[in-house]
Amino acid sequence: CTTCPPGFYCLQVSVSYVDTVCPAGHYCLLGTKSPYQFPCPPGSFNSYNGSSSSAACLDCPAGQYCDGQGLENPAGDCSPGWYCTGQSSSPKPQPIVDYCNASHCSCPAGNYTGGKCWPGTFCPIGSSYPMSCTPGRYCGDYELSSPSGLCLEGYFCSGGNKVANPGNGQCPPGHYCENGTAVPSPCPTGHFSPDYQNTDISLCQLCTPGSYCSGVGNPQPPGVCDAGYYCPGGQNVSAPIDYRCPRGHFCPPNSSVPLGCPSGTYQDEMGRWTCDDCPAGKYCDAFEAAILYSDSGHGVIMPADCPAGSYCPYGTQTATQYLCPVGTFSNKTGLTHERECTNCTGGHFCGSQ
């Protein structure tokens, strides 16, 4: 008798091997006696007829399992919450020799075929390896097929998180974190926030009056308003064009409102940070200016001429602050000094100032 060749099997009393090709899921060595003598082992499969060695048995692909012997194709996908790295013989692979949890150590290639997903990961059906938990979500248990839920407001989950409120994921100052935040959202320009764990954009504060908040994500206002400008709350530049200091006012650095020039001073230009002293021969009365402009905080824009009967040295505050003394008079305006008052002429008397 002739030995049955590889790739075929020969039953007892066979007279030929041509019609007894080795079936799929198996291999037939030299002298094979039955079609099922050499099945592909668990964790492998073979889709082709006529295989002549064990090399024809292919490793079960990652994400699938091959349970039992003699499989023509993988039996199915790895179970939800589990992963199959290859050669898996179960939809829920169990540890074998020298196995260790892949989340805690690195194992030599080939000494495990998968396992259950660990906290911080999840495994949809057919997973070949655990997926890091989705940013904005957390995975708080073993055997998860999808994330447990959204990251809590006031926190952010950048990925791979095990809890909804990670200790290293507190929302930082200058930002806010709503439910399901993966990356903290910055407070918009013109705003700031010094607090941790903001949960909503409404907790971003308008920039402090007198300061400005340029850019986004400010934990504190980065600077104060420039001289010659004033900054109501919520400004994002140090010299807001719409808030140039008006005439009759002065605006030192850090101004939140324009300040009216006090009596004895005036300002006839915009964008100034000081007031000029009232010139000699003029007076600058802030009370009169307030009445004139119907604004109690308004200062003098243009100095007024010193009236007859008075003289007005440099910095005079009111029309009658400096009256010509007893025995003198003046019927002229714009006097600057007492000596410019005229002595009372003969035949007249000047009994009061």
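First things first, this report covers the structure right here in the doc. Since the model is a prediction, treat every value here as computed from it, not as a measurement. All residue numbers here refer to positions counted from 1 along the written sequence of the relevant chain. Residues qualify for local features only when their pLDDT is at least 70, as the model is predicted, and side-chain atom pairs are given and counted only at 80 or more; totals for whole chains, interfaces and linings, by contrast, use all residues. The side-chain values count all of the structure's non-hydrogen atoms but skip hydrogen atoms and water molecules.

1. Let's talk about the overall build of the protein chain
When you go through the protein chain residue by residue, the secondary structure sums to one helix and 24 strands. Taking 353 residues into account, the globule formula puts the C-alpha radius of gyration at 20 Å, and the protein chain, at 46 Å, lies well above it. A principal-axis box enclosing the C-alpha atoms of the protein chain has dimensions of 170 × 30 × 30 Å. Out of the 353 residues belonging to the protein chain, those deemed buried represent 38%. Secondary structure elements follow DSSP: runs of H or I no shorter than four residues count as helices, runs of E no shorter than two count as strands, and numbering proceeds from the N terminus. Two things to know: the radius of gyration comes from C-alpha atoms, and the globule rule equals 2.2 Å times the number of residues to the power 0.38. Burial classes follow relative accessibility: with a 1.4 Å probe on protein chains only, a residue under 20% of its type's maximum area counts as buried, one over 50% as exposed, and anything between as partly exposed.

2. What to know about the state of the cysteines
Disulfides are defined as cysteine sulfur pairs within 2.5 Å. Here the structure, examined in full by the defined rule, presents 17 disulfides. Residue pairing for Cys-40: its cysteine sulfur links by disulfide to Cys-57, the two sulfurs lying 2.0 Å apart. Between Cys-40 and Cys-57 the disulfide shows an S-S torsion of about -80°. By sign, it is left-handed. Here Cys-57 lies in the loop between β1 (44-45) and β2 (58-59) and Cys-40 lies in the segment before β1, a separation of 17 residues in the sequence. Residues Cys-40 and Cys-57 agree in their burial class; the two are buried. For Cys-151, the disulfide goes to Cys-157, at an S-S distance of 2.2 Å. A torsion of 75° about the S-S bond marks the disulfide between Cys-151 and Cys-157 as right-handed. The buried category is assigned to Cys-151, whose relative accessible area is 0%.

3. Brief notes about the pattern of salt bridges
Just to be clear on terms, a salt bridge is a Lys or Arg side-chain nitrogen sitting within 4 Å of an Asp or Glu carboxyl oxygen. Overall, the coordinates contain two salt bridges when judged by the stated rule. Here Lys-116 and Glu-143 are joined by a salt bridge, their closest N and O atoms 3.6 Å apart. Separated by 27 residues along the polypeptide, Lys-116 in strand β6 (residues 114-116) and Glu-143 in the loop between β9 (137-138) and β10 (149-150) bring together distant segments of the chain. Using a relative accessible area of 36% as the deciding quantity, one classes Lys-116 as partly exposed. Residue Lys-282 is joined to Asp-305 by a salt bridge in which the shortest nitrogen-to-oxygen separation is 2.4 Å. Taken together, the residues Lys-282 in strand β21 (residues 282-283) and Asp-305 in strand β22 (residues 304-305) connect sequence positions 23 residues apart. Note on Lys-282: relative accessible area 27%, which makes it partly exposed.

4. Notes on a negative patch on the surface
Only residues whose relative accessible area exceeds 30% and that form no salt bridge enter a patch; like-charged residues are grouped when within 9 Å of one another, and nonpolar side chains (Val, Leu, Ile, Met, Phe, Trp, Tyr) when within 5 Å. The protein chains shown are the only cover counted for residues, whose accessible areas, like all others here, come from Shrake-Rupley with a 1.4 Å probe. Think of it this way: Lys and Arg go in the positive column, Asp and Glu in the negative one, and His and the chain ends go nowhere. A charged residue contributes its charge at one atom only: NZ of Lys, CZ of Arg, CG of Asp or CD of Glu. Residues Asp-268, Glu-269, Asp-276 and Asp-277 make up a contiguous surface patch of negative charge. Along the chain, Asp-276 turns up in strand β20 (residues 276-277). A relative accessible area of 32% means that Asp-276 is categorised as partly exposed.

5. Focus: helix α1 (residues 286-293)
Those residues of α1 lying buried are Ala-286, Ala-289 and Ala-290. The arc enclosing the buried residues of α1, seen along the axis, measures out at 100°, which places them on a common side. More than 90 degrees from the buried face of α1, the exposed residues found are Phe-287, Ile-291 and Leu-292. One or two residues past the end of α1 sits Ser-294, with phi positive at roughly 50°. What the arc covers is the set of directions going from the helix axis to the C-beta atoms.

6. Some thoughts on unusual backbone geometry
A positive phi angle, near 60°, is found at Val-13, a position not held by glycine. With respect to the helices and strands, the residue Val-13 is situated in the segment before β1. Classification of Val-13 as exposed rests on a relative accessible area of 81%.

7. Some thoughts on the packing of aromatic side chains
Only the six-membered ring of Trp is used, alongside the rings of Phe and Tyr, when aromatic pairs are assigned; centres must lie within 6.5 Å, and planes under 30 degrees apart are stacked while those over 60 apart are edge-to-face, with the rest tilted. According to the stated counting rule, one finds seven aromatic pairs in the structure shown. Considering the side-chain rings of Tyr-83 and Tyr-129, the 5.5 Å spacing of their centres and the 65° angle between planes classify their relative orientation as edge-to-face. Taken together, the residues span a long stretch of sequence, with Tyr-83 in strand β5 (residues 82-84) and Tyr-129 in the loop between β7 (121-122) and β8 (131-132) at a distance of 46 residues. Ring geometry for Tyr-311 and Tyr-322: centres 5.6 Å apart, planes at 35°, overall tilted. A residue pair is termed long-range when its members are at least 10 positions apart, and Tyr-311 in the loop between β22 and β23 (328-329) and Tyr-322 in the loop between β22 and β23 qualify at 11 residues. Members of the aromatic cluster, connected to one another through ring pairs, are Tyr-83, Trp-118 and Tyr-129. It is Arg-272 that lies over the ring of Trp-273; its NZ or CZ is 4.8 Å from the centre. Our definition puts a charge over a ring when NZ of Lys or CZ of Arg is within 6 Å of the ring centre and also within 35 degrees of the ring normal.

8. Description of the layout of surface pockets
Using protein atoms alone on a 1 Å grid, points that fit a 1.4 Å probe yet trap it form a cavity, whereas open point sets bounded by protein on both sides within 12 Å along at least five of seven lines form a pocket; residues with an atom within 4 Å of a point count as lining. Grid points are joined across faces, edges and corners, and a volume is the space filled by probe spheres set on the points. Size it by volume and the largest pocket reaches roughly 280 Å³. What lines the largest pocket is a set of 14 residues, and nearest its centre among them are Cys-1, Thr-2, Thr-3, Cys-4 and Cys-10. In terms of residue class, the lining of the largest pocket is built from seven nonpolar, six polar and one charged. In this count, Pro and Cys sit with the nonpolar residues alongside Ala, Val, Leu, Ile, Met, Phe, Trp and Tyr, while Asp, Glu, Lys and Arg are called charged and the others, Gly among them, polar.

9. A word on the side chain of His-249
Of note, His-249 is situated in strand β17 (residues 249-250). Under the rule applied, a polar contact is a pair of N or O atoms within 3.5 Å (in protein, one hydrogen donor and one hydrogen acceptor; residues adjacent in sequence only if both atoms are side-chain atoms). Within the structure, His-249 has its side chain in polar contact with the backbone oxygen of Arg-247 (distance 2.9 Å). Whether two residues are in contact is decided by their heavy atoms: any pair within 4.5 Å suffices. Here His-249 is in contact with Pro-258, Leu-259, Gly-260, Cys-261, Gln-267, Arg-272, Cys-275, Gly-297 and His-298, once residues within four sequence places are set aside.

10. Observations regarding the side chain of Ser-44
Turning to its location among the elements, Ser-44 is positioned in strand β1. Of the residues examined, Ser-44 reaches a relative accessible area of 5% and is grouped as buried. A polar side-chain atom of Ser-44 sits 2.6 Å from the main-chain carbonyl oxygen of Pro-41. Excluding anything up to four places from it in sequence, Ser-44 contacts Cys-57, Leu-58, Asp-59, Cys-60, Cys-66 and Leu-71.

So yeah, pure geometry; function would need other evidence.
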